[in-house]
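# Descriptive structure summary
One-letter residues, chain by chain:
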Amino acid sequence: MKTLHAVRGFPPAVRLLLVNQLGVNTGFYLLIPYLATHLSQDLGMSAAVVGIVLGMRNLSQQGLFVIGGSAADRLGARGVIIAGCALRTVGFGLFALGDGLPVLLAASVVSGLAGALFNPAVRTYVSQEAGGRRAEAFALFNVFATAGALLGPLLGSLLLLVDFRAAALTAAAIFALLTVAQAAVLPAREVPAASGSVLGDWREAVGDRRFLLFSLAMVGMYGMENQLYLLLPDGARRATGWEGAVGLLFLAGTVTNLLLQLRITRRLKGRGSGARWIGAGLAVMGLAFLPPMLVAGGPEPRGAADAALHLLPVLAGALMLHLGLMIAQPFVMELIPAFGRAGLTGTYYGLFYGVSGIAAAGGNAAIGWAMDSAGHSGRAWLPWACCLALGLTSAAAVTRLHRMRALPVPATAGLAADLAADSAPIRAVSHQRSESR
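This part takes up the overall build of the protein. Helices and strands together make up the secondary structure of the protein, namely 20 helices and 0 strands. What you see for the protein is a C-alpha radius of gyration of 23 Å, in line with the 22 Å of a compact globule of 437 residues. Overall size of the protein, expressed as C-alpha extent along the three principal axes, is 80 × 50 × 45 Å. The burial tally for the protein puts 48% of its 437 residues in the buried class. Long-range pairs, those at least 24 residues apart, make up 84% of the contacts in the protein with a sequence separation of at least 6. Surface exposure of the protein reaches about 19800 Å², of which carbon and sulfur atoms provide 66%. The protein carries 32 positive and 20 negative side-chain charges, and their two centres are separated by 8 Å.

If you walk through the whole model with that rule in mind, you get 8 salt bridges. Put simply, Asp201 and Arg341 hold a salt bridge, and the shortest N to O gap is 3.3 Å. You can see Asp201 sitting in helix α10 (residues 198-206) and its partner Arg341 sitting in the loop between α17 (304-335) and α18 (345-377), a full 140 residues away along the chain.

A few words now on the packing of helix α6 (residues 77-97) against helix α7 (residues 101-129). Where α6 meets α7, the axes come as close as 7 Å, and the angle between the chain directions of the two elements is 155°. Judged by the angle between their axes, α6 and α7 are roughly antiparallel. Judged by the sense of rotation from one axis to the other, the crossing of α6 with α7 is left-handed. Of the residues in the contact of α6 with α7, the class split is 21 nonpolar, 5 polar and 2 charged.

The backbone phi angle of Arg405 is positive, close to 60°, even though this residue is not glycine. Within the fold, Arg405 resides in the loop between α19 (382-403) and α20 (411-436). Here Arg405 falls in the exposed class, since its relative accessible area comes to 76%.

This part is about the nonpolar core. With 114 residues, the main nonpolar core has Phe214 and Phe352 as its most contacted residues. Ranked by the residues each element gives to this core, the list is headed by α17, at 12 residues. Apart from residues lying up to four places away in sequence, Phe214 is in contact with Ile278, Val332, Leu335, Ile336, Phe339, Phe352, Leu401 and Leu407.

On to helix α14 (residues 244-269), then. The terminal C-alpha atoms of α14 lie 37 Å apart, and with 26 residues this matches the ideal 38 Å at 1.5 Å per residue to within 8%. Turning to α14, its buried residues number three or more, namely Ala245, Val246, Leu249, Gly253, Thr254, Thr256, Asn257, Gln261, Leu262, Ile264, Thr265 and Leu268.

Glancing now at the environment of Phe10. With respect to the secondary-structure elements, Phe10 resides in the loop between α1 (2-8) and α2 (12-31). A relative accessible area of 3% means that Phe10 is categorised as buried.

What follows is about the side chain of Thr89. Mapped onto the elements, Thr89 comes out in helix α6. For Thr89, the side chain forms a polar contact with the main-chain nitrogen of Ala176, separated by 3.1 Å. Residues within four places of Thr89 in sequence aside, it is in contact with Ala172, Phe175, Ala176 and Thr179.

With that out of the way, let us pick up the confidence of the model for the protein. For the protein, the average pLDDT comes to 87, and 93% of its residues sit at 70 or higher. Mean pLDDT per element in the protein: α20 is the minimum at 39, and α19 is the maximum at 95. Every residue in residues 413-437 scores below 50 in pLDDT, and together they form 2 contacts with partners more than four places removed in sequence or on other chains.

This paragraph deals with empty space enclosed by the protein. By rolling a water-sized probe across the atoms, one finds the places where empty space is left. All told, the structure shown has 1 cavity of 30 Å³ or more when counted by the stated rule. Counted as a void, the largest cavity has a volume near 60 Å³. Looking at the largest cavity, the residues that line it are Leu228, Leu232, Pro233, Leu249, Phe250, Ala318 and His322. For the lining of the largest cavity, a count of residues per class yields 6 nonpolar, 1 polar and no charged.

Calculation rules
- Residues numbered from 1 in each chain as written.
- Predicted model: local features only at pLDDT ≥ 70, side-chain atom pairs only at ≥ 80, totals over all residues.
- Heavy atoms only, no water.
- Helix = DSSP H or I, 4+ residues; strand = E, 2+ residues; numbered from the N terminus.
- Rg over C-alpha atoms; globule rule 2.2 N^0.38 Å.
- Buried < 20%, exposed > 50% of the residue type's maximum accessible area, 1.4 Å probe, protein only.
- Contact = heavy atoms within 4.5 Å.
- Areas by Shrake-Rupley, 256 points an atom, 1.4 Å probe, with all protein chains shown as cover.
- Lys, Arg positive; Asp, Glu negative; His and termini not counted.
- Charge placed at Lys NZ, Arg CZ, Asp CG, Glu CD.
- Salt bridge = Lys/Arg side-chain N within 4 Å of Asp/Glu carboxyl O.
- Axes fitted to C-alpha atoms, helices over the stretch in contact; angles between N-to-C directions.
- Parallel < 35°, antiparallel > 145°, perpendicular 65-115°, else oblique.
- Left-handed = near helix turned anticlockwise from the far one by under 90°.
- Nonpolar A, V, L, I, M, F, W, Y, C, P; charged D, E, K, R; others polar.
- Core = buried A, V, L, I, M, F, W, Y, C linked by side-chain atoms within 4.5 Å.
- Expected span 1.5 Å × (residues − 1).
- Polar contact = N/O pair within 3.5 Å; in protein donor to acceptor, adjacent residues only side chain to side chain.
- pLDDT = per-residue confidence, 0-100.
- 1 Å grid on protein atoms, 1.4 Å probe; cavity = no way out; pocket = protein on both sides within 12 Å on 5 of 7 lines; lining within 4 Å.
- Points joined across faces, edges and corners; volume = space filled by probe spheres on them.

Following this line, the structure appears as structure tokens:
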């Protein structure tokens, strides 16, 4: 109820974009987790071809984030959001209607381009509309996204009882409805005329040394977040010998996010700088890999009760990872626009997501290598130790930047501090008057 009350406190545009993110993640996770199985089992493609199809989607999205961000700055976030959702409709429709490799590659590229457009544009629009409640808005954004990430696979598993085409067409229909809703309801905003070239904007953002250092320091967050889908599920399966343990991890993490995300952000918002909490959240994320590491490579479970006990350290790690993400992510999203001028908000989001996407891909490859090496050498602790080191290193880097005062103060936080300073003499006078009574 508190979450719904908080949602009602935002402008209609922000409320629509929160629902939009629920729909986006529902449609995405309804289809994408099952795509590799469809390509390999239903269409008989080799692992190499499957990797190419999936890789094209990731490459087209991560490599074009900065273009989507620049488009949001120059054309307006509203139009880019609508275009991105419309392209995702086309891309998922192609997955449903085409079985040949050229069509599937086109579907991957179009779907990736769609994400590159609307991801930075949505965050730009939320950042502009949320005003002084930017961190809280992004906390709610995370809640709706997490709910969609849970609802999508559940719906997808039901639709796959029919066939993959039914799932793909349903996902395309969801994005089509979102496109229509945004075009009908999302308010248009006047876009100030750009003063320079796109390349000039990119040079300005890339030349922002503080922003680049922060982006590089934050690679750990996305590298660790991706282990919710790689290392932790693998750890749950190995600990219990039961495939359903993975579903328990996702369910527990989603429920925790829905119950605690908004409360955590509100509580921390009034207790110090957001940059401070980013470092703390990264540290918690890193320490999340310690409980599974301590029991990695243990004996196989004997019975259901023993399997449940073996699952507890992995479950604790997953919940800690969610907790650290809930602490850090809203303040990261709040901080990014403060690095540059107002006209480059989308460009900064796009560049940040581009760096993060490349880092996440590299991190997954490194953790995958560590998992393979652990299997060959018997050092089951190795991938967990790598993630622990990644998290603590990233936390230390962000904390160092904060202590060096290299991180900006978000405009809303600065305004709050100014108002507090301006009101201090008034409070003092009021206090003296109350004593004289």
